[in-house]
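Geometric and topological summary
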Amino acid sequence: MLDRSNAPFYRWFVGAETNININALDRWINTDVANKVAYYWEGEPGDTRTLSYRELYWEVNRLAWAFRELTGLKPGDTATLYLPMIPELPISMLALTRLGVIHSVVFSGFSPQALADRIVDAKAKVLITVDGFYRRGRVIRLKEEADKAIRLARDRGVTVEKVIVVRRAGVDVPWHEGLDVWYHDLIGEAPVKAYVRPVPRKATDVLFILYTSGTTGKPKGVMHSVGGYMTYVYNVFKWNWDPRPGDVFWCAADIGWITGHTYIVYGPLMHGMTQVMYEGAPDYPKPDRIWALVEKYDVTTFYTSPTLLRLLRKYGDEWVEKHDLSSLRLLGTVGEPINPEVWKWYYKKIGGGKAPIVDTWWQTETGAAMISPAPGISLVPLKPGSATYPLPGIVADVLRYDGSPASPGEKGLLVIREPWPGMLMGIWRDPDRYVKTYWSMFSRPDKGVWIYYPADFAVRDADGYFWLLGRADEVMNVAGHRLGTIELEDALLTHPAVSEAAVVGAPHPVKGQVPLALVVLREGYEPSPELEEELKETVRSMIGPIAVPARVLFVRKLPKTRSGKIMRRIILALVEGRPVGDLSTLEDPAAVEEVKRAVEEFRSLMREG
Ligand code: PRX
């Protein structure tokens, strides 16, 4: 069943065939679940759409039919989705996986440049996007961004053959005859009850790819498997959320990230759950939008990020108290460590002291939660800020840098000692990077020992509880979004004024971390507020608004080792006001003073929040 012969390229359920549609949709169609609501969707302006499992099933079938007949998509092809939180996103994902087409969903907040990188790497044949969508009362015209990305990809030799455009905002869009096609026209070609048999796929085929940031500039396409991902997600969903027939589940994430893939699309549908899906900003038009939705739809199970909780808590309890939240019976968090005081607020104020908090530690690469409470099996006593224990089958440990086990209470590095079904299959078109990134830190291939390295700090306390303490590599966690510091540095270096750049994740009271950039200018350029804005704009256009640095500080020197490596550890210590530690490898001590001076003002701003 598990093939270990080519470790660390483990292969799960070898010899089996399936299609995830069978478990997410087809299994329900002749049961009572067919009439159940799959999605209560709500747009930011307040418009709504309700889709039953039966309606979802037929829409997916019709779209799959149209994809197959009219776009020529075949099993093993790739399609990129650049869509906001509208029902057509899960519908498209399911229609593609029904045909055995690999989807690559790109978060709608990424820039055309970032989208182009992902289209080129995946060699996408089809792009699915939208005319526009609502965010804070404004229409974001996504089709225009998508067009820019298509041109950039074409310049790099990858030609998208069809662009499918969902009409959401009803705005005028630039149109390219022969290339662009409206989603409603495409699906309109399909017979009303077009049925497409789910294409049988090998358990070891790729189900989807999802790009995530790492320690080098280029985002990596994490590949998930047909059989392993499906099996793991099904089980973990059950363990995390203890699904019951009357539940209304709401995972307030974006499908552009793994949390949405697993906990808005595949996991809940495989359990026949009724869900809430919301298009817009969580605090629009007022800070109680989330709580109003919980009340309106009688949400029983609510899953979100510590960043969102910190934001909503800051607005004040009066926004919570306006709403009846008594339907809630389970609460979850994901994406970052949760501060114990925020945990307690969530528990008391939102859950009324009766809903356990399921703090789930996991990653894009792990497919679903790995370390978390499991009310669906048996609930252990909770400790605010701890994700408790590894889930069944997950062999987690905390090691020192030398590979020896850390003692109870000692901060070390989290590792996973055994493969698990939801694990990534590899990195799209880059097998070496897969081995290097995840399996080279502690493995001993000569002894046949392979250890997965997630690059997270952790402590295990005397009771064996795991406390996750943030990234141990050059990756930031900004508002629960994963961003590579080097990705930002590369973006800054594309600007002609920048000679050197260093980016660190500075602590932030709401977002957890924010990117802080330090740059050395080239000869002939002078620091100015205008230049700082220009550099921020460069990051916005290369990556997207989520990556824009809180500040770009100008320095004459960066702390570097004698071999020329930027010592981000020193910059971070100065930003956090900690002792800088060992300076013996530093090339020029004057650089420390320089950075100290530059970050002083930033630190006082951060203290004020
Ligand atoms: O540092 C850990 C943090 O988020 C990273 C994974 O980011 P990403 O692949 O974008 O997936 C986020 C959603 C699964 C991890 O390496 N992280 C995730 N969950 C937690 C967490 N840190 C602390 N506690 C968590 N519950």
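The rules behind the values
Residues numbered from 1 in each chain as written. Predicted model: local features only at pLDDT ≥ 70, side-chain atom pairs only at ≥ 80, totals over all residues. Heavy atoms only, no water. Helix = DSSP H or I, 4+ residues; strand = E, 2+ residues; numbered from the N terminus. Buried < 20%, exposed > 50% of the residue type's maximum accessible area, 1.4 Å probe, protein only. Near = heavy atom within 4 Å. Polar contact = N/O pair within 3.5 Å; in protein donor to acceptor, adjacent residues only side chain to side chain. Areas by Shrake-Rupley, 256 points an atom, 1.4 Å probe, with all protein chains shown as cover. Contact = heavy atoms within 4.5 Å. Arc of directions from axis to C-beta. Pairing = 2+ DSSP bridges. Axes fitted to C-alpha atoms, helices over the stretch in contact; angles between N-to-C directions.

1. Observations regarding the side chain of E489
Checked against the element boundaries, E489 lands in helix α14 (residues 485–493). A residue is classified by how much of its surface remains accessible, and E489, at 5% relative accessible area, is buried.

2. Things to note about the site of the ligand
The environment of the ligand is made up of 17 residues, and the closest members are D359, T364, D456, R471 and R482. D359 places a side-chain nitrogen or oxygen 2.7 Å from a nitrogen atom of the ligand. T364 is positioned such that a nitrogen or oxygen atom in its side chain is 2.6 Å from an oxygen atom of the ligand. For the ligand, whose free accessible area comes to 540 Å², the fraction covered by protein is 95%. Counting only elements with at least two residues in the shell around the ligand, the list comes to α8 (258–270), β20 (357–360) and β25 (466–471).

3. Comments concerning the side chain of R310
Mapped onto the fold, R310 is located in helix α10 (residues 306–314). Of the polar contacts made by the side chain of R310, one reaches the side chain of N339; its length is 2.9 Å. Side-chain polar atoms of R310 contact the backbone oxygen of V510, separated by 2.6 Å. Residue contacts for R310: discarding those within four places in its chain leaves E336, P337, N339, V342, P509, V510, K511 and G512.

4. With respect to helix α12 (residues 340–350)
Within α12 the residues assigned to the buried category are V342, W343, W345, Y346 and I350. End-on view of α12: buried residues confined to an arc of 165°, all on one side of the axis. In this structure, the buried side of α12 is in contact with α9 (289–297), β18 (301–304), α10, α11 (318–321), β19 (330–334) and β20. Residue G352 follows α12 closely and has a positive phi angle near 60°.

5. What about the sheet that holds strand β5 (residues 48–52)?
In spatial order, the strands read β5-β4-β17-β16-β18-β19-β20; together these 7 strands make up an open sheet with mixed pairing. Of all strands in the sheet, those with a lone pairing partner are β5 and β20, marking the two edges. Going from strand to strand, the sheet's axes swing by 15° on average, the running direction of each strand aside. Bridging between β18 and β19 involves 4 bridges; their strand directions are parallel. Residue pairing across strands places Y303 opposite G332, the latter belonging to β19. In the packing of α8 onto the sheet, contacts are made with β4 (37–42), β16 (248–251), β17 (274–278), β18 and β19, and the angle to β16 comes to roughly 160°. Taken strand by strand, α12 contacts β18, β19 and β20, and its axis lies near 155° from that of β19.

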